[in-house]
Amino acid sequence: KQEVTQIPAALSVPEGENLVLNCSFTDSAIYNLQWFRQDPGKGLTSLLLIQSSQREQTSGRLNASLDKSSGRSTLYIAASQPGDSATYLCAVRPKNYGQNFVFGPGTRLSVLP
Amino acid sequence: AAGVIQSPRHLIKEKRETATLKCYPIPRHDTVYWYQQGPGQDPQFLISFYEKMQSDKGSIPDRFSAQQFSDYHSELNMSSLELGDSALYFCASSSLWGAANTGELFFGEGSRLTVL
């Protein structure tokens, strides 16, 4: 069974810091990995999608990497801003467990002004 | 660009009542998912449909059922509601297969169900 974990569970940083969020998954047989942002009571917004054949994706201040063989992905946020405060979730689409996406528990990020 | 549309956004029901949630996926997406998210929890997969056929089933209670219609919209029917069913219910859609499809998952804004 595919399991996804995220470290840390919560993170509080001052504005302007660069930070790294970690995502680990137990089965490397995946189609892709996706990072989402969720604001309280809101839907999940897609940030970055990395296909299994890719090593990284970038969008603005965000960079996500994927090391499929070790079952790890990192989301790097440069020059953090208070508006980045949200919960960040990663999800993998496994090859061996139907079409469902498996989510991690999320990292709750607070960026202090 | 069109997004995933869910209705209603908020719903209040009494115990043992029935509720129906609707989802309109992004046009030309072939797969629809339903997720349940309780307070402080990550989304829990309920059920999915590929080209209008049920494709995968997660932790969906027997009191719940879902279907996808010919116009690709989907409905989640919840009967004999319990207090524990209070949650955010998300619909998501994706285009999984085909050379031009990335498999990216897009979520709607969710339907908040409160059971009193």
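All of these numbers come straight from a predicted model, not from anything done at the bench. (Residues numbered from 1 in each chain as written. Chains lettered and ligands numbered in written order. Predicted model: local features only at pLDDT ≥ 70, side-chain atom pairs only at ≥ 80, totals over all residues. Heavy atoms only, no water.)

## Quick word on the sheet that holds strand β3 (residues 19–24) of chain B
All names here are of chain B.
Then comes step 1: In space, the 4 strands of this open sheet follow the order β1-β3-β8-β7, with antiparallel pairing throughout. Taken across any chain shown, the strands that pair with only one partner, and hence form the sheet edges, are β1 (5–7) and β7 (64–68). The mean inter-strand angle of the sheet, taken between neighbouring strand axes irrespective of direction, is 15°.
Then comes step 2: Of the pairings in the sheet, the one linking β3 to strand β8 (residues 74–78) comprises 5 bridges and is antiparallel in character. When the bridges of β8 are listed, Thr20 appears paired with Asn77. (Pairing = 2+ DSSP bridges. Helix = DSSP H or I, 4+ residues; strand = E, 2+ residues; numbered from the N terminus. Axes fitted to C-alpha atoms, helices over the stretch in contact; angles between N-to-C directions.)

## Points about the pairing of strand β11 (residues 111–115) of chain B
Residue and element names in this part refer to chain B.
Then comes step 1: Burial of the side chains of β11 is restricted to one face: Ser111, Leu113 and Val115 are buried, whereas none of Arg112 and Thr114 on the reverse face is.
Then comes step 2: Bridging between strand β2 (residues 10–13) and β11 involves 4 bridges; their strand directions are parallel. Counted as the bridge partner of Ile12 is Thr114 from β11.
Then comes step 3: As paired strands, strand β9 (residues 87–94) and β11 are joined by 3 bridges and run antiparallel to one another. Within β11, the residue paired with Leu88 across the bridge is Arg112. (Buried < 20%, exposed > 50% of the residue type's maximum accessible area, 1.4 Å probe, protein only.)

## Some details on the pairing of strand β6 (residues 56–59) of chain A
All names here are of chain A.
Then comes step 1: Across 4 bridges, the pairing between β6 and strand β7 (residues 62–67) is antiparallel. Bridge pairing links Glu56 to Ser65 in β7.
Then comes step 2: Where β6 hands over to β7, the hairpin turn is made up of 2 residues, of which Gly60 adopts a positive phi near 60°.

## Here's the deal with the state of the cysteines
Then comes step 1: Summed over the entire model, instances satisfying the criterion amount to 2 disulfides over all chains.
Then comes step 2: Two residues share a disulfide in this structure: Cys23 of chain A and Cys90 of chain A, whose sulfurs sit 2.0 Å from each other. Because the torsion about its S-S bond is 80°, the bridge between Cys23 of chain A and Cys90 of chain A counts as right-handed. With Cys23 of chain A in strand β3 (residues 19–25) and Cys90 of chain A in strand β9 (residues 86–94), this residue pair connects regions lying 67 residues apart in the sequence. Like Cys23 of chain A, the residue Cys90 of chain A is buried in the burial classification.
Then comes step 3: The disulfide that involves Cys23 of chain B links it to Cys91 of chain B, with 1.8 Å between the sulfurs. Looking along the S-S bond of the Cys23 of chain B-Cys91 of chain B disulfide, the torsion reads about -55°, which is the left-handed sense. Of this pair, Cys23 of chain B sits in strand β3 while Cys91 of chain B sits in strand β9; the two residues are 68 residues apart in sequence, bridging distant segments of the chain. (Disulfide = S-S within 2.5 Å.)

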